[in-house]
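# Structural overview for review
The residues making up each chain are set out below.
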Amino acid sequence: MDWGTLQAVLGGVNKHSTSIGKIWLTVLFIFRIMILVVAAERVWGDEQQDFVCNTLQPGCRNVCYDHFFPISHIRLWALQLIFVSTPALLVAMHVAYTRHEKKRRFRNGEKIDIEELKNEKIHIRGPLWWTYTSSIFFRIVFEAVFMYVFYYMYDGYQMPRLVKCDAWPCPNTVDCFVSRPTEKTTFTIFMLAVSGICMMLNLAELCYLVIKICMKESRKTT
Amino acid sequence: MGEWSFLGDFLEKVHKHSTVVGKVWLTVLFIFRMLVLGTAAESSWGDEQSDFMCDTQQPGCENVCYDKAFPISHVRFWVLQIIFVSTPSLVYMGHAMHTVRMEEKRKMKEAELEAREKKNGGDAYYQQKCSLAEKEAKLSGWDEAGGQIILRGSLLNTYVYSILIRTAMEVAFIVGQYVLYGIFLETLYICQRAPCPHPVNCYVSRPTEKNVFIVFMLAVAVLSLFLSLAELYHLGWKKAKERCSRSYKASPSTVPSRLESAPQAERAQMYTPPPDFNQCLSSPNGKFISPFSNKMASQQNTANFATERVHGQEDAAGEGPFIKSSYAESPEVASECAAPAFPENYFNDKRRFSKASRASSKARSDDLSV
């Protein structure tokens, strides 16, 4: 899976983030994407090959694996990371639109320094504040939804060693053994913990932005 | 190694702001841990489960025995070790970048203030503000003259804490590895776990090759630990030496000799032996602009370094032999980057003339005439 494209896109967004946003991005890249690519993909690499059932019935193993693992953890985490990163694109689009507007005004004859336009740090206020805040809100929602989906789909966060399966064409209830359950449980809990940390960071960022704007408003009125 | 590029990019930024021992530690991390793990150890452990053979036909017995023998694979354990050991450096890096950004903001405000004061003509007020600002800068750990980050105050504390946490993590993982697996892997593992009907013999794949890598990675971990401890000692010793030299500061006879030796000492510490990991911050292939990239700051620092070298020698009286880590970009890198666009009056040095600058602007009798 090529995460380089995501890295390139999010790197651009990073310039316009708050400090907490930058920390969130670092945590995302190092503790989630990197762990996924370097470690977790190998742990789940042989999940179907080494899923062994106590039966000689052809097809039973396939059906049982499919029944217990509708979507592999790896793919679910990849989807989670993509969904969680996507709201940042809204911010990138808004910033690009603002810059485009300024360039258009410059071309129409207004006096704007072109160098200043390129290097300008865009402050998070006005409509950009709303875009940024809603992107953080959606990030939090997506994180929570995926954490719940994991819990619902796999009945908690622990990988069982033994599962009992009686799907057709298995002739009776067969014992099936999952490959590397302890290691998988370790990584599931690790990824869950990091999701929790990311959610805390997003909540902190949201509070920071709201408090900042409230203070600014109160300063204007006094 | 490409998969490690996420972490690698961040750590290369840390490399610039570290002490000499810190740079050696980072080099050890990159070459002996990340590279070896990514290229050699991964392929050695590649068939660890498929070639884990148990002396039984019972379905599921091999799975459960492998799970009991290796709750977490060595390779994954080392990946987590590298990540947790690198994390404190990132925290220090965040603080360093924060310092740089605060310094930039302060300079911008100063430039604005200069322009405003020039209009109003309040010279005395400006000088007072300037000296106050320099005092602030000294407290924050920023060397006005050299354009460098000096490890002092809160930044030094963060650096020391990061090394302490790194050391603790290193020890924790070494002990953890010993508790989980001991030192060496045995060829034979006897397993008794449901659904295995009785204790079965299980055979580990490639035990000798794995033992070689286990011993190697353990040795590198111990070496990293030793380097961290050496760095702590180095920092502590420097701090104690600085305290002693401050107590002798009053005597004027020692000041000129320290001024002379300080630049040489600075130069010796700035030229670091490990390989140069500097990269242009804006590379043409659209590389990731990390949270810690600060193109403006580094380019300003190159300019600062060039124009204010004289002030550095003059102001060195109060500094003492602190650890200096060079923040300025190397010249060949700066040439690849686009030239920064500064406002017109940015380079006009409006501060009071120092003796040195006054002297340099006049032609001297012993100057060569063309």
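Residues numbered from 1 in each chain as written. Chains lettered and ligands numbered in written order. Predicted model: local features only at pLDDT ≥ 70, side-chain atom pairs only at ≥ 80, totals over all residues. Heavy atoms only, no water.

Let's shift gears to the interface of chain A and chain B. Taken together, the contact pairs 39 residues of chain A with 35 residues of chain B. At the surface where chain A touches chain B, the tally comes to three salt bridges. For Glu48 of chain B, the salt bridge is made with Arg180 of chain A, and the minimal N-O distance between the two is 3.2 Å. Remark: the boundary between chain A and chain B carries eleven residue pairs in polar contact (both at pLDDT 80 or more). Within the residue set of the side of chain A that touches chain B, elements represented by two or more residues are α1 (4–14), α2 (19–43), β1 (52–53), α6 (114–119) and α8 (181–221) of chain A. With 15 residues, α2 of chain A is the single largest residue contributor to the side of chain A that touches chain B. Taken together, the residues that form the side of chain A that touches chain B break down as 20 nonpolar, ten polar and nine charged. (Contact = heavy atoms within 4.5 Å. Salt bridge = Lys/Arg side-chain N within 4 Å of Asp/Glu carboxyl O. Polar contact = N/O pair within 3.5 Å; in protein donor to acceptor, adjacent residues only side chain to side chain. Helix = DSSP H or I, 4+ residues; strand = E, 2+ residues; numbered from the N terminus. Nonpolar A, V, L, I, M, F, W, Y, C, P; charged D, E, K, R; others polar.)

The grouping of Arg125, Lys212, Lys216, Arg219 and Lys220 of chain A together with Lys105 and Lys109 of chain B at the surface amounts to a positive patch. Listed by contribution, the elements that provide at least two residues to the positive patch are α8 of chain A together with α4 (74–120) of chain B. No other element matches α8 of chain A, which puts four residues into the positive patch. Within the secondary structure layout, Lys109 of chain B lies in helix α4. Given the relative accessible area of 59%, Lys109 of chain B is considered exposed. (Patch = residues over 30% accessible without salt bridge, like charges linked within 9 Å, V, L, I, M, F, W, Y side chains within 5 Å. Areas by Shrake-Rupley, 256 points an atom, 1.4 Å probe, with all protein chains shown as cover. Lys, Arg positive; Asp, Glu negative; His and termini not counted. Charge placed at Lys NZ, Arg CZ, Asp CG, Glu CD. Buried < 20%, exposed > 50% of the residue type's maximum accessible area, 1.4 Å probe, protein only.)

Further remarks concern the UniProt feature "domain: Connexin cysteine-rich" (unreviewed entry) in chain A. Using the residue numbers shown here, the UniProt feature "domain: Connexin cysteine-rich" (unreviewed entry) corresponds to residues 142–209 of chain A. Structurally, residues 142–209 of chain A is divided into 60% helix and 12% strand, and its ends, taken at the C-alpha atoms, are 20 Å apart. (UniProt positions renumbered as here; feature names shortened; annotations may be inferred.)

Time to look at the UniProt feature "domain: Connexin N-terminal" (unreviewed entry) in chain A. UniProt tags residues 42–75 of chain A as "domain: Connexin N-terminal" (unreviewed entry). For residues 42–75 of chain A, the helix share is 41%, the strand share is 6%, and the end-to-end C-alpha distance is 13 Å.

The next thing to look at is the pattern of salt bridges. Residues and elements named next belong to chain A. The tally for this structure, following the rule as stated, stands at 19 salt bridges over all chains. With a closest N to O distance of 2.9 Å, Arg104 and Glu101 form a salt bridge. With a gap of three residues between them, Arg104 and Glu101 both fall in helix α5 (residues 87–107), about one helical turn apart. A residue is classified by how much of its surface remains accessible, and Glu101, at 23% relative accessible area, is partly exposed.

On to the sheet that holds strand β5 (residues 200–203) of chain B, then. Residues and elements named next belong to chain B. Read across the open sheet, the three strands follow the order β1-β5-β4; overall the sheet is antiparallel. The open sheet has two edge strands, β1 (53–54) and β4 (188–191), and neither has a second partner. Pairing of β4 with β5 involves four bridges; the strand directions are antiparallel. Bridge pairing in β5 places Cys191 opposite Val200. The sheet contacts of helix α3 (residues 61–69) involve β1, β4 and β5, and relative to β4 the element is tilted by about 110°. (Pairing = 2+ DSSP bridges. Axes fitted to C-alpha atoms, helices over the stretch in contact; angles between N-to-C directions.)

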